[in-house]
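As a plain string of letters, each chain reads:
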Amino acid sequence: MNHKMWHALKYMIGFAWKYKKSYLVFLGIEQILYLFLGLVTVVFPGYILTAIFEREDFVWFLEVSGVYCGAYLFFKSMAQYIRTQIYRCSYSLSMRFSIYIGEVTANIEYKYLEEEKIMNLHDRAINCVYNGGFFGPLEKLFSLFKEILMLASVIFILIRLNIFLIFLCLTSIGIVFILNYQAEKKLYDFETIKVKSERKKKYLISLFDDYTSGKEIRINGLFPFLEEKLVGIFSEIYGINRSIRLFTTRHANIESGIAVIQKIGIYVVLALESIKKGLGIGDFTIYFQAVNQFTDSMNALLKGYLALGKMGLYIDDLESFIALPYMDGMEGKENIEKEKELCFEFIHVSFRYPESDVYTLRDINLKIDSGERLSVVGANGAGKSTLIKLLLRLYKPTEGKILLNKRDINLYKYEEYIELFSVVFQDYKLLAYSVRENICLSKEYCGQEFKRVLEESGLAEKIDRLPFGEETPLFKVYDERGIELSGGEGQKLGIARALYKDSPIVILDEPTSALDPMAEYEIYQRFGSLVKGKTSIYISHRLASVRFADNIIVLDKGCIVEEGKHDELVKANGLYSEMYHMQAEYYTN
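Basis of the calculations
Residues numbered from 1 in each chain as written. Predicted model: local features only at pLDDT ≥ 70, side-chain atom pairs only at ≥ 80, totals over all residues. Heavy atoms only, no water. Buried < 20%, exposed > 50% of the residue type's maximum accessible area, 1.4 Å probe, protein only. Helix = DSSP H or I, 4+ residues; strand = E, 2+ residues; numbered from the N terminus. Polar contact = N/O pair within 3.5 Å; in protein donor to acceptor, adjacent residues only side chain to side chain. Contact = heavy atoms within 4.5 Å. Pairing = 2+ DSSP bridges. Axes fitted to C-alpha atoms, helices over the stretch in contact; angles between N-to-C directions. Core = buried A, V, L, I, M, F, W, Y, C linked by side-chain atoms within 4.5 Å. Salt bridge = Lys/Arg side-chain N within 4 Å of Asp/Glu carboxyl O. Phe/Tyr/Trp six-rings, centres within 6.5 Å; stacked < 30°, edge-to-face > 60°. Parallel < 35°, antiparallel > 145°, perpendicular 65-115°, else oblique. Left-handed = near helix turned anticlockwise from the far one by under 90°. Nonpolar A, V, L, I, M, F, W, Y, C, P; charged D, E, K, R; others polar. Patch = residues over 30% accessible without salt bridge, like charges linked within 9 Å, V, L, I, M, F, W, Y side chains within 5 Å. Areas by Shrake-Rupley, 256 points an atom, 1.4 Å probe, with all protein chains shown as cover.

Enquirer: Go over helix 4 (residues 116–126) with me, naming the residues and quoting the values.
Expert: With respect to burial, helix 4 is a largely interior element, 8 of its 11 residues being buried. Among all positions in helix 4, only Ile118, Asn120, Leu121, His122, Asp123, Arg124, Ala125 and Ile126 are buried.

Here's what the structure looks like:
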């Protein structure tokens, strides 16, 4: 076996042993049962025919047939029972592995998830479960031991007749093995090419399945456009599948031709030896069954070897994905002093995405004092959200560093660090679960605290009017009772979620963009009490909404170009003043 195969086997066995030892035990038992079942099938038919045609002993025929049927039924029924247990264990392991992949995806550096080639690598990695069959090759490994023992048994039988039979079988099987080895590598290449197309198809189909896309599709007449895209991608996938089908058909025809030649040769040798040695029908049948079993076992052995080789390629993809750096600073060991004030400082921080020469942020120097209310403003693409992602350790600075209480933020334990933040992202996600679960993100919750955040976010009256109150599900994905919140109500729910977490630092990324002016005014009026005593960072395009801030920074092309309070910046006649008066003009005119 080559290195990839050994590595794949070590990985699969290690994973199965860690999460489901009984799976490996059942596999071993199953192969022992099938070994005995195979031997019974090879030997007993010959004895039965001997009893009928040579000894003409009906009693012995009944005895041999009874033993044969009893042994066959016993081994077969036991094997089927064990197979049921293997399926149960395999399902559990596949679920565990899917969770593991999800955990890895949730923890690798966020910036990599925004790259297409990483998403393609992710899809190839999960092929281990869905297309490649993560545990199929592991089952083949155990079957290899059974096939080796079976081969030893039938070789012992065949060598008594004619060793040339073994040579003939090995020659044809060797040719088929070489062809299959080349075919497996070619098929893996086809599957790798198809991954990107399958991702496009999955995305397009999801647009039709997602009811939130329904308005756009109908109002803007998107169906013909999406239909054209979908037909195009199906044609692309069909072309790849057609190439696979033509290749596999051609390969199967060649393999069948070799098998026919092999069988003719075997039958000729068996016929000659039977005539030469005067074999009875019983002995002939045993040798005939032994040859067939030898061929089947060798084919199974070599195909198992190839399956393990192919699995090695999948494991390579999987480990390349797993080897991506985890979220920056996950290795931090220091605890955060709970009662201490939290002061942050950006020191000459710059950031650019992997394989990009363009800096999204450049030479950022910024202090955020404990309890400070900071507003970050700027045009689209100025780097506002990137600044927040760096603070949250979703990204790691390309240059410079970020300090918390004069210590690099990556030195702190990630779990403790992320608990410092309650965040409402602009692209917040609502889940197809109850209102309460969307806010508390847990089955257990504090009822008093829950009702408080409903009041503070302005959602209490809306929730009280719902037929099932806080247990009303969102969307109709899983429950016909589900409701759809308006954009503003969804943002209020996102704010309630952040408030319920009750972290010392609140970050709001355009949290009121979907609110009507009255609702927005109410949020701002209560904002001081909502974040009282907390550090708050507020990102907004609406400059009128940032007047409450203790400090405002203005980003332009990734740089801080202005900093100060609202009145100071308006008087400075810089970019902030220009943006403020431009927006004010819409209201005054």
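Enquirer: Describe in detail the side chain of Ser503, supporting the description with residues and values.
Expert: Inspection of the secondary structure assignment puts Ser503 in the loop between helix 15 (487–501) and strand 7 (505–509). Here the side chain of Ser503 touches Ser422 through a polar contact of 3.1 Å, side chain to side chain. Non-local contacts of Ser503, meaning those with residues more than four positions away in its chain, are made with Glu419, Leu420, Phe421, Ser422 and Lys534.

Enquirer: Any chance you could break down the sheet that holds strand 5 (residues 407–408) for me, citing the residues and the numbers?
Expert: Ordered in space as 2-1-4-5, the 4 strands form an open sheet in which the pairing is antiparallel. Where the open sheet ends on each side, the last strands, each with one partner, are strand 2 (361–368) and strand 5. Here 5 bridges tie strand 1 (residues 344–351) to strand 2, and the two strands are oriented antiparallel to one another. The residue of strand 2 that forms the bridge with Val349 is Ile364. Each of strand 1, strand 2 and strand 4 (399–404) is contacted by helix 10 (residues 384–391), which is oriented at about 120° to strand 1, the strand it contacts most.

Enquirer: An account of the nonpolar core is needed here, citing residue identities and associated values.
Expert: In this structure, Tyr23, Leu138, Leu158, Leu165, Phe294, Leu318 and Phe321 are the most contacted members of the largest nonpolar core, which totals 67 residues. Elements that contribute at least two residues to this core include exactly helix 1 (3–19), helix 2 (21–54), helix 3 (58–107), helix 4, helix 5 (136–158), helix 6 (163–209), helix 8 (223–277) and helix 9 (281–322). Those residues within four positions of Phe321 in sequence are excluded, and the remaining contacts are Val104, Thr105, Ile108, Ile118, Leu121, His122 and Ala125.

Enquirer: So what's going on with the pattern of salt bridges? Residues and values would help.
Expert: What the rule picks out here adds up to 10 salt bridges. Across the pair Arg83 and Glu30 runs a salt bridge, and its minimum N-O distance is 2.9 Å. Of this pair, Arg83 sits in helix 3 while Glu30 sits in helix 2; the two residues are 53 residues apart in sequence, bridging distant segments of the chain. For Arg83, a relative accessible area of 31% puts it in the partly exposed group. A residue is classified by how much of its surface remains accessible, and Glu30, at 2% relative accessible area, is buried. For Arg452, the salt bridge identified is with Glu449, shortest N-O distance 2.2 Å. Separated by 3 residues within a single helix, Arg452 and Glu449 lie in helix 13 (residues 447–457), roughly one turn from each other. Exposure remark for Arg452: the relative accessible area of 29% places this residue in the partly exposed category. Judged by relative accessible area, which is 21%, Glu449 ranks as partly exposed. Sharing partners across several salt bridges, the network here consists of Glu449, Arg452 and Glu456.

Enquirer: I'd like a description of the pairing of strand 1, backed by residues and values.
Expert: Looking at chain direction, strand 1 and strand 4 are connected through 5 bridges and run antiparallel. Note that in strand 4 the partner of Ile347 across the bridge is Lys401.

Enquirer: Provide a residue-level description of the packing of aromatic side chains, including the pertinent values.
Expert: All told, the structure shown has 16 aromatic pairs when counted by the stated rule. Between Phe15 and Tyr100 the ring centres are 6.1 Å apart and the planes differ by 55°, which places this aromatic pair in the tilted class. With Phe15 in helix 1 and Tyr100 in helix 3, this pair connects stretches of sequence that are 85 residues apart. The exposure class assigned to Phe15 is buried, which follows from its relative accessible area of 8%. Here the aromatic cluster, defined as three or more aromatic residues joined through ring pairs, consists of Phe15, Tyr19, Phe97 and Tyr100.

Enquirer: Outline the packing of helix 2 against helix 3, supporting the account with residue identities and numerical values.
Expert: Their axes nearest at 8 Å, the elements helix 2 and helix 3 cross at an angle of 160°. Here helix 2 is positioned roughly antiparallel relative to helix 3, judged by the angle of their axes. The chirality of how helix 2 crosses helix 3 is left-handed. Partitioned by chemical class, the residues of the contact of helix 2 with helix 3 number 29 nonpolar, 6 polar and 4 charged.

Enquirer: Give me the lowdown on a nonpolar patch on the surface, citing residues and values where you can.
Expert: A surface patch of nonpolar side chains, about 550 Å² in accessible area, is lined by Leu431, Tyr433, Leu441, Val477 and Tyr478. Within the element layout of this structure, Tyr478 appears in the loop between helix 14 (460–465) and helix 15.

Function cannot be inferred from these measures alone, as they are strictly geometric.
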